[in-house]
Amino acid sequence: MTTLHPPAATRSRPVPPEARRDRRSWTGWGFLGPFVAVFALVFLAPIVYAIYLSLFREQLIGGNTFVGLDNYQQALRDDRFWAALGRVSLFLVVQVPVMLCLALLVALALDSGRLYGRDFFRVSIFLPYAVPAVVATLMWSFMYGTRYGLVGDINDALGVSLPDPLSADLMLASIGNIVTWEFIGYNMLIFYAALRVIPDSLYEAAQIDGAGQWRIITAIKLPAIRGALVIATIFSIIGSFQLFNEPSIMRPLARNAITTDYTPNFYTYSLSFNGQQQNYSAAVAIIMGLITMVIAYVVQLRGTRKGV
Amino acid sequence: MHKHSRLLLRSIGLVCALALGATACGDSDDGGSSGKAVSEADVKAALKKGGEITVWAWEPTLKQVAADFQKENPKVKVNLVNAGTNADEYTALSNAISAKKGVPDVAQIEYYAIGQYALSKGLTDLSAYGAGKLAAHYSPGPWSAVKAGTDSVYALPMDSGPMALFYNKKVFDKYDIEVPGTWDEYVEAARKLHEADPKAYITADAGDAGFTTSLLWQAGSRPYSVVNGTNVKVDFSDQGATTFASTWQKLLDEDLVAPVSSWSDDWFKGLGDGTIATLPIGAWMPANLESGAKEASGDWRVAPLPQWKEGGKSSAENGGSSLAMPELGKNEALAYAFIEYANSGKGVQTRLDAGAFPATTEDLQSSTFQETKFPYFGGQQANKIFAESAADVADDWQYLPFQVYANSIFNDTVGKAYVSDTKLSDALKSWQDASVKYGKEQGFTVQ
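Residues numbered from 1 in each chain as written. Chains lettered and ligands numbered in written order. Predicted model: local features only at pLDDT ≥ 70, side-chain atom pairs only at ≥ 80, totals over all residues. Heavy atoms only, no water.

As annotated in an unreviewed UniProt entry, chain B carries the name Sugar ABC transporter substrate-binding protein and comes from Streptomyces griseoviridis. Per UniProt, chain B carries the Sequence similarities (unreviewed entry) text "Belongs to the bacterial solute-binding protein 1 family." (UniProt positions renumbered as here; feature names shortened; annotations may be inferred.)

Chain A appears in an unreviewed UniProt entry as ABC transporter permease from Streptomyces griseoviridis. The UniProt entry for chain A carries the following text under Subcellular location (unreviewed entry): "Cell membrane".

A count of helical and extended segments in chain B gives 22 helices and 15 strands. Here chain B has a C-alpha radius of gyration of 23 Å; the compact-globule value for 447 residues is 22 Å, and the two agree. Counting only C-alpha atoms and orienting by the principal axes, one finds that chain B spans roughly 75 × 50 × 40 Å. Expressed as a percentage of its 447 residues, the buried residues of chain B come to 58%. For chain B, the proportion of contacts with a sequence separation of at least 24, taken over those separated by at least 6, is 75%. Here chain B displays about 18200 Å² of accessible surface, and carbon together with sulfur accounts for 52% of that area. Charge-centre separation for chain B: the mean point of 40 positive side chains lies 6 Å from the mean point of 55 negative side chains. (Helix = DSSP H or I, 4+ residues; strand = E, 2+ residues; numbered from the N terminus. Rg over C-alpha atoms; globule rule 2.2 N^0.38 Å. Buried < 20%, exposed > 50% of the residue type's maximum accessible area, 1.4 Å probe, protein only. Contact = heavy atoms within 4.5 Å. Areas by Shrake-Rupley, 256 points an atom, 1.4 Å probe, with all protein chains shown as cover. Lys, Arg positive; Asp, Glu negative; His and termini not counted. Charge placed at Lys NZ, Arg CZ, Asp CG, Glu CD.)

Right, let's talk about the domain arrangement of chain A for a bit. Residue and element names in this part refer to chain A. What the domain assignment reports for chain A is domain 1 (14-66) and domain 2 (73-307). Using C-alpha coordinates to define each centre, domain 1 is positioned 35 Å away from domain 2. Across the boundary between the two partners, domain 1 contributes seven residues, which contact five residues of domain 2. Together, the buried faces of domain 1 and domain 2 total about 520 Å²; carbon and sulfur atoms form 58% of this surface. Of all residues in domain 1, Leu53, Ser54 and Glu58 give up the largest surface area on contact with domain 2, accounting jointly for 58% of the area buried on that side. (Domains from an automatic or database assignment. Buried area = accessible area lost by both parts, 1.4 Å probe.)

What follows deals with the UniProt feature "domain: ABC transmembrane type-1" (unreviewed entry) in chain A. Taking the numbering used here, the UniProt-annotated feature "domain: ABC transmembrane type-1" (unreviewed entry) corresponds to residues 85-299 of chain A. Between the C-alpha atoms that bound residues 85-299 of chain A there is a distance of 18 Å. The span itself is 75% helix and 0% strand.

The subject of this paragraph is the sheet that holds strand 9 (residues 224-227) of chain B. All names here are of chain B. Here three strands make up an open sheet; going across it, the order is 9-10-15 and the pairing mixed. Edge positions in the sheet fall to strand 9 and strand 15 (445-446), since each has one partner strand and no second. For strand 9 and strand 10 (residues 231-234), the ladder comprises four bridges, and the chain directions are antiparallel. By the bridge assignment for strand 10, tyrosine 224 is matched with valine 234. (Pairing = 2+ DSSP bridges.)

This is the structure in structure tokens:
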């Protein structure tokens, strides 16, 4: 038995693997094909095309030429691009923590079960997220008006003179206010959903141990929703870096405050549509994409490391 | 749908080419069509033969013109498409041209943008159709904008915007302010008005490239010069520009102009309630005032544009647009027939009746036009002032061949003078630098 076994195994081995490998390569592709085709077309092709575009330069005089990495070099030395990146970074550092803290507070309040009219409260906090960004921005722009808007009315009624929210100095804060208003509800929902799945047994155990509400929050709730916090932070980082709608819609009201290079995204848009510099615009977009990826990745690493 | 109509156009083009020879209906893919002369008979034959043309325009009065044109030429179909207003249309047009797909046969293009499209052979030279002969029909400002070099004509002027000073007479009377004849007097009037009513401003200006270039034009500054289409000079340091900057600086320093963007709701409200008391702007403004500031009907009047020198007589164009034929358009003979009908033929009167402001001298000088009374201006014969202004426009002004881009960054650069301590002259210099930088990147020889 034992002496017969190995030869049988070696004899049977060489033949089937080849046949199996052969069959596997075809059927495998058959299953994978549709996905690969869609993936290549929808995800890879645009990126590849953008990279391809970024290697050329089309000029009004001189036509289209291959310039290698010139566009990237130019972008890395472009003050306007770095200024735009600096602006959204400032936005990120100030607005995102404020928004997430508020969203967390609201979620904890909802979850505490001590809120009267909880459903109404939840819906009204979430409602702004359901309002299209365009409408929300237009609405806020009207309110910000110092001549005929809400700010103007307050000035008239109380005889005060509030600073102009649409001035160059306050514009970023005004945009931050709109974005916060829009996205508190969304983040609140992520946190609230995470809080709801915490098993009741933990709370019971905490009660038995005599833990207060504050202790329950810091020792049970927050650690349990760390994953949701990291996700919401990453979404917010990406959202900040991609800031476009709000400045673009408010620009007609304050062209001097919102320049064509106000945010990196708005800058690529202007390059491409005002200046017909699609190639350079593609290079800037790719650099911006890489920066966003790196920062989001670092946050994710840190977030999960703490979790372990 | 798109493929269908393109196929249709192509087959129509083929039929035309067979019937008339390549001259009338030539496919523009071969590059230049400037060499080919197209006679009036060719155009007429094309009209008889019929076909379809696509016209991109936002000018509302063209709707009636297109309808009339189709009535006169039953076999011709005009697709009038609003592809966006000014910059939006240019974006669409540039995209269509670079994609070589869906390019209209006729496009509305403002004077300041013609250079950009004429360059790199984006537009058909209409001199092949005898457009050069029409020179005498048009007032000098618009005509200088559509022609390039000695005999190329890239569009036919559709309307014009000789500048005048629109002012709210009720406000002026209330505070006993005289209508300013010079810009220095204008500054005085601004001070007096703002002192009397801190909520009222002489005008609204939040930084507008078209307005600034027009005032520079009037002040005798010639910041742009273009030689051979590729040699470009940008210089905001000449005498005219200095005069403009120092005068306007006073208005900015003393906060005498309302920081309200043109065409915003606040702007129209201010025009209506008297807190924006004057508007130095193009002659196409009346219709906008009538619809946007109804409540001030009867309050406003028109006066000649203030002068930079006492007793001077100079004016400038502000806005205004033309109809041009992109080279990649298909049905050239029909397209030209339409442009000529709309901007030089019967269409002109149709558009005047609907409230457009003409670019044709004959109409500007006709007594019916000049004696038209505007109820909005308390029965004033405002066209007399506009016509006089049109005649006073110096015709040697040039825009950059990339003015669309330059205007798009105006608020990034000159805008600083409106919201910070930056001086207007320095801000103009930074606009100049940014324009020069872009010009160089685009392969121009820039000085």
